[in-house]
Number of protein chains: 2
Amino acid sequence: MLTLFHHPLFASCRFVRLAFGEYGEELALIEEKPWMRRKEFLSLNPAGNLPVLLAEGDVPIVGASVIAEYLDETRGVLKRDKRLFVEGSMERAEIRRLTDWYLVKAESEVTRHLVRERALKPHMPAEAGGGSPDSTAIRAARANIRQHMKYTNWLAGTRHWLAGSRLTYADLAAAATLSVLDYLGEIDWREHVAAREWYTRLKSRPSFRPLLADRVRGLSPVSHYADLDF
Amino acid sequence: MLTLFHHPLFASCRFVRLAFGEYGEELALIEEKPWMRRKEFLSLNPAGNLPVLLAEGDVPIVGASVIAEYLDETRGVLKRDKRLFVEGSMERAEIRRLTDWYLVKAESEVTRHLVRERALKPHMPAEAGGGSPDSTAIRAARANIRQHMKYTNWLAGTRHWLAGSRLTYADLAAAATLSVLDYLGEIDWREHVAAREWYTRLKSRPSFRPLLADRVRGLSPVSHYADLDF
């Protein structure tokens with residue numbers, strides 16, 4: 001069994017767990033607090049970011065999109081119609097664009113800030129950046145959610161899955177991101193009917209179950225978080 | 001000829017120009033100021049970031065690493081020992097890790113801030129974020145350069161090219177980043193002999209020539225910028 005260093009509220013880590021889950025491959029999970037800059041972790045990944053996969057031979061594979069490419073090259077290509085990626089270069093570029101949209105753009109505009117301010121800072125030591133939430137950062141992140149929900153709603157209303165006719169990494173990246181924001185109660189689903197229908201489909205998949213069981217210290221999820229009918 | 005929307009001082013755009021240059025393929029360049037949020041550009045790429053490649057059939061391919069994967073899939077695989085990528089999954093993960101190190105991590109800790117504060121803000125309209133440079137942001141970015149130069153120096157001293165025995169995307173990502181910082185005169189090469197020797201090799205390649213000829217409005221490069229013997 002491979003090992004994943006992760007944090008339960010990081011979208012990039014949830015994305016990797018979903019991808020392995022879709023392929024029916026269990027991972028040994030180690031929860032890492034990257035802000036603690038643990039020596040043993042930094043020796044695996046001097047960049048200090050999550051997720052890190054210990055692949056075959058305990059070689060560290062660093063970062064969500066790098067792990068996704070590795071997973072496709074070593075497993076995905078054999079999965080036929082269950083593959084989370086495709087053959088054509090243009091379609092691959094579209095899947096990668098959307099994966100980056102959620103794991104890089106939405107992450108830097110929304111997710112990272114809300115997770116840090118609302119879930120992590122209260123439990124971080126002051127020297128690692130802990131303290132009271134910064135309400136300006138929260139307001140700025142919240143102002144950006146709407147744009148990402150609108151885009152997701154547009155994609156979900158235009159295509160069966162976000163990158164086209166089949167389930168791909170793009171759906172997992174978007175669902176991982178939205179699941180974190182939903183845990184925090186930050187999403188108003190009423191306004192985004194197509195996104196909600198698409199997310200319900202994702203949420204009902206077996207790969208999603210472990211994410212719906214995640215709980216973080218001192219912060220309960222919104223009441224509908226684990227409901228398949230919300 | 002394919003078209004690249006780029007900015008001459010963005011490392012991610014320089015990376016793509018170097019990659020096409022190594023394959024001997026000329027690009028039509030269109031300089032884009034993403035902070036102006038030009039409608040025609042946003043219709044190609046709603047994320048609004050650079051670079052964007054108009055590939056075959058004028059399909060937009062968005063983002064440096066997505067373009068690099070596309071380039072490898074459509075050209076690189078045919079280039080044999082000139083290929084900027086490799087076959088093995090583990091080695092591919094290492095090249096992708098280092099490419100991200102420079103184009104994502106160094107970008108967000110150093111490059112983006114120095115480019116924005118020193119080169120762009122003086123010419124940006126106030127409503128797009130223009131104005132006087134923020135000296136706190138400049139100081140913070142400068143404090144982070146040392147760490148990235150030390151790491152580059154260690155890689156260059158340990159391996160012939162940064163990801164191993166051959167020239168790959170990792171070298172182009174690092175050199176693109178360092179070339180921007182060098183233009184701004186932000187690198188003290190005396191302390192980093194191995195990095196300097198490696199960068200000199202890169203700088204002497206024909207693919208680098210167009211970058212050394214780049215000039216941006218109101219900001220001349222440091223005197224040694226285009227010298228091959230600096």
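Note that the structure is a prediction, hence the values are computed from the model and not measured.

**Some details on the sheet that holds strand β3 (residues 52-54) of chain A**
Residue and element names in this part refer to chain A.
Move 1: Here four strands make up an open sheet; going across it, the order is β2-β1-β3-β4 and the pairing mixed. Unpaired on one side and paired on the other, β2 (27-31) and β4 (60-62) mark the two borders of the sheet. Along the sheet, successive strands turn relative to each other by an average axial angle of 25°, direction set aside.
Move 2: The strands touched by helix α3 (residues 64-74) within the sheet are β1 (2-6), β3 and β4, with β4 carrying the most contacts at an inclination of about 120°.

**What to know about empty space enclosed by the protein**
Move 1: Evaluation of the coordinates by the stated rule reveals two cavities of 30 Å³ or more.
Move 2: Empty space within the largest cavity amounts to approximately 60 Å³.
Move 3: As for the largest cavity, its lining consists of Y102(B), A106(B), V110(B), T111(B), I145(B), H148(B), M149(B), T152(B), T177(B), L178(B) and L181(B).
Move 4: Every element with two or more residues in the lining of the largest cavity is listed here: α4 (89-120), α5 (135-158) and α6 (169-183) of chain B.
Move 5: Here the residues of the lining of the largest cavity sort into seven nonpolar, four polar and no charged.
Move 6: For the second largest cavity, the calculated volume is near 40 Å³.
Move 7: As for the second largest cavity, its lining consists of A106(A), V110(A), I145(A), H148(A), M149(A), T177(A), L178(A) and L181(A).
Move 8: For the lining of the second largest cavity, the secondary structure elements donating two or more residues are α4 (89-120), α5 (135-158) and α6 (169-183) of chain A.

**A word on the packing of α4(A) against α6(A)**
Residues and elements named next belong to chain A.
Move 1: Axis separation between α4 and α6 bottoms out at 8 Å; the angle between their running directions is 10°. Judged by the inter-axis angle, α4 sits roughly parallel to α6. The residues of α6 that touch α4, namely those facing I95, L98, T99, Y102, L103, A106, V110, T111, L114 and V115, are Y169, A170, A173, A174, T177, V180 and L181.
Move 2: Across the contact of α4 with α6, the residue classes tally to 14 nonpolar, three polar and no charged.

**Considering the UniProt feature "domain: GST N-terminal" (unreviewed entry) in chain A**
Move 1: Mapped onto this structure's residue numbering, the UniProt feature "domain: GST N-terminal" (unreviewed entry) falls at residues 1-79 of chain A.
Move 2: From the first C-alpha to the last, residues 1-79 of chain A spans 19 Å; its make-up is 37% helix and 20% strand.

**What to know about the domain arrangement of chain A**
Residues and elements named next belong to chain A.
Move 1: Partitioning chain A into structural domains gives domain 1 (2-82) and domain 2 (89-212).
Move 2: Its C-alpha centre places domain 1 at a distance of 18 Å from the equivalent point of domain 2.
Move 3: Taken together, the contact between domain 1 and domain 2 spans 21 residues of the former and 28 residues of the latter.
Move 4: For the pair domain 1 and domain 2, the summed buried surface comes to about 2100 Å²; carbon and sulfur atoms form 68% of the total.
Move 5: Ranking the residues of domain 1 by area buried against domain 2 places L9, R14 and L18 at the top, with a combined share of 32%.
Move 6: On inspection of domain 1 and its partner domain 2, the count reaches two salt bridges.

**Some points on the relation of the copies chain A and chain B**
Move 1: Rotating chain A by 180° and translating it 0.0 Å along the rotation axis places it on chain B, where the RMSD comes to 0.0 Å. Both copies are brought into coincidence by an operation consistent with a two-fold rotation axis. Residue V104(A), judged by its C-alpha, is the member of chain A lying nearest the rotation axis, at 4.7 Å.
Move 2: Same-surface contact between copies: 100% of interface residues of chain A are shared with the interface of chain B.

**As for the UniProt feature "domain: GST C-terminal" (unreviewed entry) in chain A**
Move 1: Look at the UniProt record and you will see "domain: GST C-terminal" (unreviewed entry) annotated at residues 88-222 of chain A.
Move 2: The annotated region residues 88-222 of chain A carries 64% helix and 0% strand content, and the separation between its end C-alpha atoms amounts to 40 Å.

**Brief notes about the pairing of strand β1 (residues 2-6) of chain B**
Residues and elements named next belong to chain B.
Move 1: Extensive coverage of β1 is indicated by the burial of five of its five residues.
Move 2: Covered by surrounding structure in β1 are L2, L4 and H6 together with T3 and F5, the residues of both alternating faces.
Move 3: With five bridges connecting them, β1 and strand β2 (residues 27-31) associate as parallel partners. Directly across from H6, in β2, lies its bridge partner E31.

**Some points on the interface of chain A and chain B**
Move 1: Tallying the contact residues gives 23 residues for chain A and 23 residues for chain B.
Move 2: With both chains or domains summed, chain A and chain B bury close to 1900 Å², and 67% of this area falls on carbon and sulfur atoms.
Move 3: The largest share of the area that chain A buries against chain B comes from V66(A), E73(A) and M90(A), three residues that together contribute 27% of it.
Move 4: Where chain A packs against chain B, one counts six salt bridges.
Move 5: Measuring nitrogen to oxygen at the nearest pair gives 3.1 Å for the salt bridge that ties E73(B) to R96(A).
Move 6: Counting across the chain A and chain B interface gives eight residue pairs in polar contact (both at pLDDT 80 or more).

Definitions and limits used
- Each chain carries its own residue numbering, running from 1 in the written order of its sequence.
- The order in which chains are written sets their letters, starting at A; the order in which ligands are written sets their numbers, starting at 1.
- This being a predicted model, a pLDDT of at least 70 is required before a residue's local features are given, and a value of 80 or more before pairs of side-chain atoms are given or counted; all residues contribute to the totals for chains, interfaces and linings.
- Think of the side-chain values as coming from all heavy atoms in the structure, minus any hydrogens and water.
- Only strands that DSSP links by at least two bridges are regarded as paired with each other.
- Helix and strand definitions follow DSSP, with helices as H or I runs of at least four residues and strands as E runs of at least two, each counted in order from the N terminus.
- Between N-to-C directions, angles span 0 to 180 degrees; the directions come from axes that are lines fitted to C-alpha atoms, helices contributing only their stretch in contact.
- The contact criterion used is simple: two residues touch if any of their non-hydrogen atoms lie within 4.5 Å.
- Grid spacing is 1 Å over the protein atoms alone, the probe is 1.4 Å, and a cavity is where that probe fits but cannot get out, while a pocket is an open set with protein on both sides within 12 Å along at least five of seven lines and lining residues have an atom within 4 Å of a point.
- Grid points are joined across faces, edges and corners, and a volume is the space filled by probe spheres set on the points.
- Residues are grouped as follows: nonpolar covers Ala, Val, Leu, Ile, Met, Phe, Trp, Tyr, Cys and Pro; charged covers Asp, Glu, Lys and Arg; every other residue, Gly included, is treated as polar.
- Reported orientations rely on four angle classes, namely roughly parallel under 35 degrees, roughly antiparallel over 145, roughly perpendicular from 65 to 115, and oblique for the rest.
- UniProt positions are given in the numbering used here, feature names are shortened, and annotations may be inferred rather than shown by experiment.
- Note that the domain bounds were set by an automatic or database domain assignment.
- Throughout, the accessible surface (probe 1.4 Å) given up by two parts as they are put together, summed over both, is called the buried area.
- Basic side-chain nitrogens of Lys or Arg form a salt bridge, by our definition, when they fall within 4 Å of a carboxyl oxygen of Asp or Glu.
- C-alpha atoms of residues with pLDDT of at least 70 in both copies form the basis for the least-squares superposition of the copies.
- Throughout, exposure labels follow a simple rule: accessible area from a 1.4 Å probe, protein chains only, divided by the maximum for the residue type, with under 20% read as buried, over 50% as exposed, and the rest as partly exposed.
- Pairing of N or O atoms within 3.5 Å defines a polar contact, subject to two protein rules: one partner must be a possible hydrogen donor and the other a possible acceptor, and residues neighboring in sequence count only if both atoms are side-chain atoms.

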